[in-house]
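Survey of secondary and tertiary structure
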Amino acid sequence: MRQMARRSFVAGAAGVVAGVVSTVTLAGDAFAGPSRRTGAPEHSRRHVVRRELRGMWVATVANLDWPSAPGLSAAAQKAELIAYLDEAVDRRLNTVVLQVRPTADALWPSPYEPWAQYLTGVQGKDPGWDPLGTAVREAHRRGLELHAWFNPYRVANHTDPSRLAATHPARLHPDWVLPYGGKLYYNPGIPEVRSFVQDAMLDAVRRYDIDAVHWDDYFYPYPVAGQVFDDDATYRKYGAGFPDKAAWRRDNTDRLVRETAERIKKIKKNVQFGISPFGVWRNASTDPLGSDTKAGVQTYDDLYADTRGWIRKGWIDYICPQIYWNIGFAAADYAKLLSWWSEVVRGTEVDLFVGEALYKAGDPAQPAAWQDPAELSRHIDLAARYDQVRGHVYFSGKDVVRDRIGAMDRVVGDHYRSRVRPPR
């Protein structure tokens, strides 16, 4: 989920896939466990492994993960995509979260939006194959879930509408678009915009056997110092009855979430709806219901996204907060946030998956904890103490593959010794 900035926000400022999926024993099935004495299969005893989601994000924006570069041949693009799916199986993961609508464009033949430029290098140019259709088919052949990851409002990572495809909706409806922070965004306060982005995303739900609709943390854009998201005119037109612009903006985001949730279930009841927000809803110093953190960004106040409220109202099937800090980090302690999110989902039917910052492991710019290959494994150990935590998702695909200091190897060796099914 993220343009580089998305995942790098800080608080306070090995094997070949089995040919037939049915031969793979997964969680929710009984299976023969190893004998404690000999390590050999003990067929007289049957064990049931708890279902959990084990996922990885594969980002397409700016060719962050895939394709490795724009303009590759269709065969090369497909081979790279398949390699990620095979890597997921080798790591005994069960879910791939593929970004299919990175910048108000599409990785499938959409009647609403142009082909993504990250495929061919030219927005709107047909790549000669159907990446989303292929991803769904090949993921399911390998026993993987495919969660289609959409970004609702980001239009471009620049502010020049003339660089968009001639048929791009943002060019046909320039009044829908606002520049901010060097990027273009659809204006969430315009009802026609909310309806359109839903139509564009839900086209994929109708046409493909995806397992979930997945959103990242971009709603209203992250604050940029000294800049204003200029929706004053929209507020004057549509904001009557709200105490202030912040309440109106939150209602706009609420409407997008609630309406999308309702529409997904009307199309296909079995398709899940999950959101992966920035890890802090509100600091306790702002709201006693918030977490014991000192984060520089709060989704409720800065992104106008009431992530806690969506859980409590039952609008989503799962929440996957990006708890992208180490255990003991002063401004946003992984352990404290894990406990807080567990309490938020307690008593609801919303699954809690944890977004994990694999990309930080071994990065010399990160704190000392991230130089230890065991940090992420300790996250999984800690999460195992909370029944509400039903899995983890790792950012991002290329980091799962290169595994700079062996942190993913450590997680797999310590915790993923057999394949399991995701919760349903």
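A brief structural summary.

Reading the values: rules and limits
Residues numbered from 1 in each chain as written. Predicted model: local features only at pLDDT ≥ 70, side-chain atom pairs only at ≥ 80, totals over all residues. Heavy atoms only, no water. Buried < 20%, exposed > 50% of the residue type's maximum accessible area, 1.4 Å probe, protein only. Helix = DSSP H or I, 4+ residues; strand = E, 2+ residues; numbered from the N terminus. Pairing = 2+ DSSP bridges. Contact = heavy atoms within 4.5 Å. Axes fitted to C-alpha atoms, helices over the stretch in contact; angles between N-to-C directions. Expected span 1.5 Å × (residues − 1). Polar contact = N/O pair within 3.5 Å; in protein donor to acceptor, adjacent residues only side chain to side chain. 1 Å grid on protein atoms, 1.4 Å probe; cavity = no way out; pocket = protein on both sides within 12 Å on 5 of 7 lines; lining within 4 Å. Points joined across faces, edges and corners; volume = space filled by probe spheres on them. Left-handed = near helix turned anticlockwise from the far one by under 90°. Nonpolar A, V, L, I, M, F, W, Y, C, P; charged D, E, K, R; others polar.

Concerning the pairing of strand S5 (residues 145-150)
Most of S5 is tucked away, with six of its six residues classed as buried. Burial of S5 is two-sided: the residues Glu 145, His 147 and Trp 149 facing one way and the residues Leu 146, Ala 148 and Phe 150 facing the other way are all buried. Sheet topology places strand S4 (residues 95-101) next to S5; six bridges connect them, and they run parallel. Among the inter-strand pairings, Val 96 is bridged to a residue of S5, identified as Leu 146. Sheet analysis places S5 next to strand S9 (residues 212-215), joined by four bridges and oriented parallel. Paired with Ala 148 across the two strands is Val 213, which belongs to S9.

Observations regarding the sheet that holds S5
Ordered by their spatial adjacency, eight strands build a closed barrel running S3-S4-S5-S9-S10-S11-S12-S13, and the pairing between neighbours is parallel. Against the sheet, helix H4 (residues 131-141) makes contact with S4 and S5, and its axis sits at roughly 150° relative to S5, the strand it touches most. Relative to the sheet, helix H11 (residues 334-345) contacts strand S11 (318-319), strand S12 (351-356) and strand S13 (389-394), its axis offset from that of S12 by approximately 160°.

Some thoughts on helix H8 (residues 245-267)
The end-to-end C-alpha separation of H8 is 33 Å, in line with the 33 Å expected for 23 residues at 1.5 Å each. The opening residue of H8, the one whose side-chain oxygen lies 3.3 Å from the backbone nitrogen of Ala 246, is Asp 244.

Topic: the layout of surface pockets
In this structure, the largest pocket encloses a volume near 280 Å³. Listing elements by their share of the lining of the largest pocket, those giving two or more residues are helix H12 (375-383) and S13. The element that contributes the greatest number of residues to the lining of the largest pocket is S13, accounting for three residues.

Topic: the packing of helix H2 (residues 74-90) against H4
Two elements in contact, H2 and H4, have axes separated by 10 Å at closest approach and are oriented at 35°. You can see that H2 and H4 cross each other, and the crossing is right-handed. Of H4, the residues touching H2 (which contributes Lys 78, Leu 81, Ile 82 and Leu 85) are Pro 131, Thr 134, Ala 135, Arg 137, Glu 138 and Ala 139. Taken together, the residues of the contact of H2 with H4 break down into six nonpolar, one polar and three charged.

A few points about the side chain of His 392
The residue His 392 is located in strand S13 in this model. What makes His 392 buried here is its relative accessible area of 3%. Separated by 2.9 Å, the side chains of His 392 and Glu 356 make a polar contact. Excluding residues that lie within four positions of it along the chain, His 392 makes contacts with Leu 53, Arg 54, Gly 55, Tyr 334, Val 354, Glu 356, His 379, Ile 380, Ala 383 and Tyr 416.

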